[in-house]
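Residues per chain are reported as follows:
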Amino acid sequence: MIREIHSLQETAQLAQEIAQLIRDADVTLCLDGDLGAGKTTFTKALGKALGVKSVINSPTFTIMKNYKDGSGRPFTHIDAYRLEGADQDLGFEEVFEEGISVVEWSQYITDQLPQDTIRIAISQGTGEERTFDITGTGCWQKIFGKIQNKQEDAA
């Protein structure tokens, strides 16, 4: 599913749509894109859509921050940027077992990610314009495949 975004409001709307699909699920979202692409902006909007009350900010230096969504379920935000080249097992598997996990720079911890994920590649355009390329793997592949087919039928 590819979504062209033209404003921060549209980013928040996309986050709301995805929140509706994943609410109450145990899922890992992998966000990839260049610096400034909007990974943390999307994560903040997703957390808000899921009812996270705390201020979400980038865990670049702490690597991981834990929150609770509106139902009290775990919402974990990981920034793997500083983990490039790390070969050791960092124990993320336990984090991915329950609740929603968002991993920025997921390509740096590919071996530790669960098989079933939602992958979001964000490409920058001009100003607030972005392209979100969203795919699912494992059980999420069917869900995002159906959304893609609906979009193509509507076009």
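In what follows, the accompanying structure is described. Numbers given for residues are sequential positions, taken from 1 along each chain in its written order. Only residues with pLDDT of 70 or above have their local features reported here, since the model is predicted, and side-chain atom pairs are shown and tallied only from 80 upward, although totals for entire chains, interfaces and linings are computed over all residues. To obtain the side-chain values, all non-hydrogen atoms of the structure were used and water was disregarded.

1. Focus on the pattern of salt bridges
Test applied: Note on definitions: salt bridges are taken to be side-chain nitrogens of Lys or Arg within 4 Å of carboxyl oxygens of Asp or Glu. Helix and strand definitions here come from DSSP, where helices need a minimum of 4 consecutive H or I residues and strands a minimum of 2 consecutive E residues; each element is numbered from the N-terminal end.
Summed over all chains, the structure comprises three salt bridges. The salt bridge partner of Arg73 is Asp26, with a shortest N-O separation of 2.9 Å. Here Asp26 lies in the loop between α1 (8–22) and β2 (27–32) and Arg73 lies in the loop between β3 (64–68) and β4 (74–79), a separation of 47 residues in the sequence. For Arg119, the salt bridge is made with Asp32, and the minimal N-O distance between the two is 3.4 Å. One end of the pair, Arg119, is in strand β6 (residues 117–124); the other, Asp32, is in strand β2, and 87 residues separate them in sequence.

2. Let's talk about the nonpolar core
Under the convention used in this document: Only buried residues count toward a nonpolar core. Its members are Ala, Val, Leu, Ile, Met, Phe, Trp, Tyr and Cys residues joined through side-chain atoms within 4.5 Å. Three exposure classes are used, based on accessible area relative to the maximum for each residue type with a 1.4 Å probe and protein chains only: buried under 20%, partly exposed in between, and exposed over 50%.
The biggest cluster of nonpolar side chains holds 29 residues, and the ones touching the most others in it are Ile18, Ile22, Leu29, Phe42, Leu46, Phe75 and Ile120. Put simply, the parts of the chain that give this core at least two residues each are α1, β2, α2 (39–49), β5 (100–104), β6 and β7 (130–136). With five residues, the top contributor of residues to this core is α1. By size, the runner-up hydrophobic cluster in this structure holds 12 residues, among which are Ile63, Phe92, Phe96 and Val103.

3. What to know about the environment of Glu104
Quick reminder of the rule: Contacts: residue pairs with any heavy atoms within 4.5 Å of one another. The term polar contact refers here to a pair of N or O atoms within 3.5 Å; inside protein, the definition further demands a hydrogen-donor-capable atom paired with an acceptor-capable atom, and it admits residues adjacent in sequence only when both atoms are side-chain atoms.
With respect to the helices and strands, the residue Glu104 is situated in strand β5. On a C-alpha basis, the gap between Glu104 and Tyr81 in space is 7.3 Å, while along the polypeptide they are 23 residues apart. When residues no more than four places from it in sequence are discounted, the contact partners of Glu104 are Leu31, Lys39, Thr40, Thr43, His77, Ile78, Asp79, Ala80 and Tyr81. There is a polar contact of 2.6 Å between the side chain of Glu104 and the side chain of His77.

4. Considerations on the sheet that holds β4
As a reminder, the rule being used: Pairs of strands are assigned from DSSP output, requiring at least two bridges between the strands. Interaxial angles span 0 to 180 degrees and are taken between N-to-C directions of axes, which are lines fitted to C-alpha atoms, for helices over the stretch in contact.
Taken in spatial order, the seven strands make up an open sheet running β1-β7-β6-β2-β5-β4-β3, and their pairing is mixed. One side of each edge strand has no neighbouring strand; the edge strands of this open sheet are β1 (2–5) and β3. Neighbour to neighbour, the strand axes of the sheet diverge by 20° on average, direction disregarded. Where β6 lies against β7, seven bridges are found, and the strand directions are antiparallel. In the sheet register, Ser123 faces β7, and the bridge partner there is Thr131. α1 rests against β1, β2, β5, β6 and β7 of the sheet, and its axis sits at about 150° to β1. Sheet strands in contact with α2 are β2, β4, β5, β6 and β7, and its direction is about 150° off that of β2.

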